[in-house]
Amino acid sequence: MTTALRETSVRDVSVFGDAIAYFNEAADLLELDAGMRRILTHPSRQIIFSIPFQRDSGEFEVYTGYRVQYNFARGPAKGGIRFHPRVTLDEVTALAFWMTWKCAVVDLPFGGGKGGVTCDPRTLSANELERITRRYAAELVEVVGPDKDVPAPDVNTTPQVMAWFMDTYSMHVRQNIPGVVTGKPLEIGGSRGRVEATGRGVTICALDEMAEMELRPDNAAIVIQGFGNVGMHAAKLFEERGCKIVGISDVTGAYYNAEGIYVNGAMEHAAKFGTLEGFKGGEKITNGELLASDCDVLVPAALEKVFTAETAAKVKAKLIVEGANGPTTPEADRIFRERGIVVIPDIMANAGGVTVSYFEWAQDRMGFFWKEAEVNERLEDFLLSNLHQIRSIANSRKATLRAAAYTLAIDRVVKASKLRGIYA
Ligand code: NAD
């Protein structure tokens, strides 16, 4: 896993606005009534607070913390905490909105949430990071908990950050409550298989769709953008299944090798140097060239808004599997549809992480921990049974997999909301 600060794209339009565009398309397919649309396009709760903290130098600074609990119809809110200088309420709200549909699409008993702190972890010592995390957790004590809202890691937050969060919460409530967050280290209630889960999920979904497209793994060329937690583990698992990884990239550039990149070599390089800079296992090209390179399957596993109208027109892959959240703009999505390029949408393709987070939460509550093989087997069951439902909706409604995934997810949330009733 990389510790480098992830770059995010410059956004001059509302991320939440883009997210709503996908929702509306599926809401139209479902002929969702105006009242339910209004309810589901508003977050249940947005919390903004100040995080005063003391630098190691003794100076005081104040950062802004956010937690958005988007929807609780199917269970406690669930979603990561992001530490990044460009965190905004708009972004956190969009991410919490996505989490609502992601949890629903794989049928987890959770709603959607997300949080963040507007800070630059590159400028913080470990002690400063710990103080910010503890203050962030302390501000949220009343509104988080295993039955209320269960945070997890996201950009620049690690298992260690989750450990500090869990400890602070447990201190405040005077009980050990590991199930308040997921993505913890194994020693204090983490789940086996969590680290690789998102990459594993990407691979499970991709291989299933490849079989549907009659694309044999040993005949498939794969390109992966981003060589962090998601991209690296996906690459490894694709290779194990006999696929050829022809291109990889990270923030330093992209590497292409039509004969196949040796993934272990790239992983060793990244572990030793922190990035792929200087990697000799492929020809160095730009990230833009990588997206337009010859391949069968393309996995964006880095950033939001990678596919725009311009980049989408150049894609040569037959299948895109969205490891990253929000890599495709609505314009690019239209182009992929017109060009017959199949896209497994983010809310399905990268749901492996939150699914194993759910397993972690369940194991914490039982106080009984599963073997890794059991985690992986259950993960595959959850992902494939729901991917197959999405495919059958897509076929019967002549819709894209994305519209079908949103349709399935929205339908599940609407059913839960209607059964509970709107407490108005
Ligand atoms: P990470 O920080 O571990 O890795 C990100 C990778 O992207 C790094 O290799 C980085 O160098 C690379 N990158 C950054 N800017 C780039 C650029 N301009 N061009 C090419 N590569 C670039 O992050 P991660 O956990 O692997 O997450 C990647 C994406 O997957 C994000 O969109 C994240 O929200 C999403 N996601 C992650 C998880 C998870 O469990 N980690 C779960 C669901 C979704």
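Note: the structure precedes this text.
The rules we used
- Residues numbered from 1 in each chain as written.
- Predicted model: local features only at pLDDT ≥ 70, side-chain atom pairs only at ≥ 80, totals over all residues.
- Heavy atoms only, no water.
- Helix = DSSP H or I, 4+ residues; strand = E, 2+ residues; numbered from the N terminus.
- Rg over C-alpha atoms; globule rule 2.2 N^0.38 Å.
- Buried < 20%, exposed > 50% of the residue type's maximum accessible area, 1.4 Å probe, protein only.
- Contact = heavy atoms within 4.5 Å.
- Areas by Shrake-Rupley, 256 points an atom, 1.4 Å probe, with all protein chains shown as cover.
- Axes fitted to C-alpha atoms, helices over the stretch in contact; angles between N-to-C directions.
- Parallel < 35°, antiparallel > 145°, perpendicular 65-115°, else oblique.
- Nonpolar A, V, L, I, M, F, W, Y, C, P; charged D, E, K, R; others polar.
- Pairing = 2+ DSSP bridges.
- Polar contact = N/O pair within 3.5 Å; in protein donor to acceptor, adjacent residues only side chain to side chain.
- Salt bridge = Lys/Arg side-chain N within 4 Å of Asp/Glu carboxyl O.
- Phe/Tyr/Trp six-rings, centres within 6.5 Å; stacked < 30°, edge-to-face > 60°.
- Core = buried A, V, L, I, M, F, W, Y, C linked by side-chain atoms within 4.5 Å.

*Asks:* Looking at this model, I keep getting lost on the overall build of the chain. Mind explaining?
*Replies:* Per the secondary structure count, the chain includes 15 helices and 12 strands. At 21 Å, the chain has a C-alpha radius of gyration in line with the 22 Å of a compact globule built from 424 residues. On the principal axes, the C-alpha backbone points of the chain span a range of 55 × 55 × 45 Å. Across the 424 residues that make up the chain, the buried fraction comes to 59%. Put simply, 70% of the contacts in the chain that link residues at least 6 apart link residues at least 24 apart. Carbon and sulfur atoms provide 52% of the accessible area of the chain, an area that totals close to 17,400 Å².

*Asks:* Mind showing me how you'd approach the packing of helix H3 (residues 89-105) against helix H15 (residues 401-420) here?
*Replies:* When two helices pack together, their arrangement is given by the angle between the helix axes and the distance between those axes. Closest axis-to-axis distance for the H3/H15 pair is 8 Å, and the angle between their directions is 90°. On the basis of the axis angle, H3 is roughly perpendicular to H15. Where H3 abuts H15, its residues Trp-98, Thr-100, Trp-101, Ala-104 and Val-105 lie against Ala-405, Tyr-406, Leu-408, Ala-409, Ile-410, Arg-412 and Val-413. Residues belonging to the contact of H3 with H15 are distributed by class as follows: 10 nonpolar, one polar and one charged.

*Asks:* Hey, could you run me through the sheet that holds strand S12 (residues 342-344) in this one?
*Replies:* Note: strands within a sheet are paired through backbone hydrogen bonds, in either parallel or antiparallel orientation. Read across the sheet, seven strands follow the order S9-S8-S7-S6-S10-S11-S12 without closing on themselves; strand pairing throughout is mixed. Of all the strands in the sheet, just strand S9 (283-285) and S12 have a single pairing partner and so form its edges. Going across the sheet, the axis of each strand differs from the next one's by a mean of 20°, ignoring polarity. Pairing of strand S11 (residues 319-321) with S12 involves three bridges; the strand directions are parallel.

*Asks:* Can you help me understand the side chain of His-84 in this one?
*Replies:* Following the sequence through the fold, His-84 ends up in the loop between strand S3 (77-83) and H3. A polar contact of 3.0 Å, which involves the side chain of His-84, links it to the backbone nitrogen of Arg-86.

*Asks:* Help me out: how do you make sense of helix H11 (residues 330-339) in this one?
*Replies:* An α-helical turn contains 3.6 residues, so a residue and the one three or four places further along point in the same direction. Every buried residue of H11 is listed here: Pro-330, Ala-332, Asp-333, Ile-335 and Phe-336. On its buried side, H11 packs onto helix H1 (15-29), helix H10 (309-314), S11, S12 and H15.

*Asks:* Honestly, the environment of Ile-347 in this entry has me stumped. Any pointers?
*Replies:* By the secondary structure assignment, Ile-347 is in helix H12 (residues 346-349). Considering only alpha carbons, one finds Ile-347 and Trp-98, 249 residues apart in sequence, at a separation of 7.0 Å. Leave out the neighbours within four places in its chain, and Ile-347 touches Trp-98, Trp-101, Lys-102, Val-105, Ala-405 and Tyr-406.

*Asks:* Whenever I open this one, the pattern of salt bridges confuses me. Can you help?
*Replies:* A side chain with one charge may pair with a side chain of the opposite charge, provided their charged atoms come close. One pass over the full model with this rule turns up 33 salt bridges. The partner of Asp-33 in a salt bridge is Lys-418, with the nearest N and O atoms 3.8 Å apart. Here Asp-33, found in the loop between H1 and helix H2 (34-40), pairs with Lys-418, found in helix H15; they are 385 residues apart in sequence, far enough to count as distant. The class for Lys-418 is exposed, based on a relative accessible area of 52%. Here Glu-91 and Arg-82 are joined by a salt bridge, their closest N and O atoms 3.2 Å apart. Salt bridges sharing common partners tie together Arg-82, Glu-91, Lys-114, Asp-154 and Glu-304.

*Asks:* How do you make sense of the environment of Val-223 when you look at a structure like this?
*Replies:* Mapped onto the fold, Val-223 is located in strand S6 (residues 221-225). Its relative accessible area of 0% is what places Val-223 among the buried residues. Considered as a pair, Val-223 and Leu-32 are 191 residues apart in the sequence and their alpha carbons are 38 Å apart. Ignoring anything within four residues of it in the chain, the contact list for Val-223 reads Val-246, Gly-247, Tyr-256, Leu-290, Ser-293, Cys-295, Val-297, Leu-298 and Val-299.

*Asks:* Got a minute to help me understand the packing of aromatic side chains in this structure?
*Replies:* The description of an aromatic ring pair rests on the distance of the ring centres and on the angle between the ring planes. Taken as a whole, this structure holds 19 aromatic pairs when the rule is applied. On the basis of an interplanar angle of 65° and a centroid distance of 6.2 Å, the ring pair of Phe-16 and Tyr-70 is categorised as edge-to-face. With Phe-16 in helix H1 and Tyr-70 in strand S2 (residues 60-71), the pair connects residues that are 54 residues apart, well separated along the chain. One exposure class covers both Phe-16 and Tyr-70, and it is buried. Measuring from centroid to centroid gives 5.7 Å for Tyr-255 and Phe-279, while their planes differ by 80°, and the two rings are edge-to-face. Within this pair, whereas Tyr-255 is found in strand S8 (residues 253-256), its partner Phe-279 is found in the loop between helix H8 (263-273) and S9, the two being separated by 24 residues in sequence. Since its relative accessible area comes to 10%, Phe-279 is described here as buried.

*Asks:* Which parts of the structure should I look at to understand the sheet that holds S2?
*Replies:* Ordered in space as S1-S2-S4-S3-S5, the five strands form an open sheet in which the pairing is mixed. The open sheet terminates on both sides in strands that have one partner only, identified here as strand S1 (45-54) and strand S5 (149-153). Ignoring which end each strand starts from, the neighbouring axes of this sheet average 20° apart. With six bridges joining them, S2 and strand S4 (residues 112-117) adopt antiparallel strand pairing. Considered in S4, the bridge of Tyr-66 is made with Gly-116.

*Asks:* Quick question: what am I supposed to make of the nonpolar core here?
*Replies:* Soluble globular proteins: nonpolar side chains tend toward being buried together. Counting residues in each nonpolar core, the largest one holds 93 residues, and the members touching the most others are Trp-101, Phe-227 and Phe-238. Among the elements that take part in this core, H3 stands out by supplying 11 residues, more than any other. Other than its neighbours up to four places away in sequence, Phe-227 contacts Met-232, Ala-235, Ile-248, Ser-249, Asp-250, Val-263, Ala-266, Met-267, Ala-270 and Leu-276.

Any functional reading would require information beyond the geometric quantities listed.
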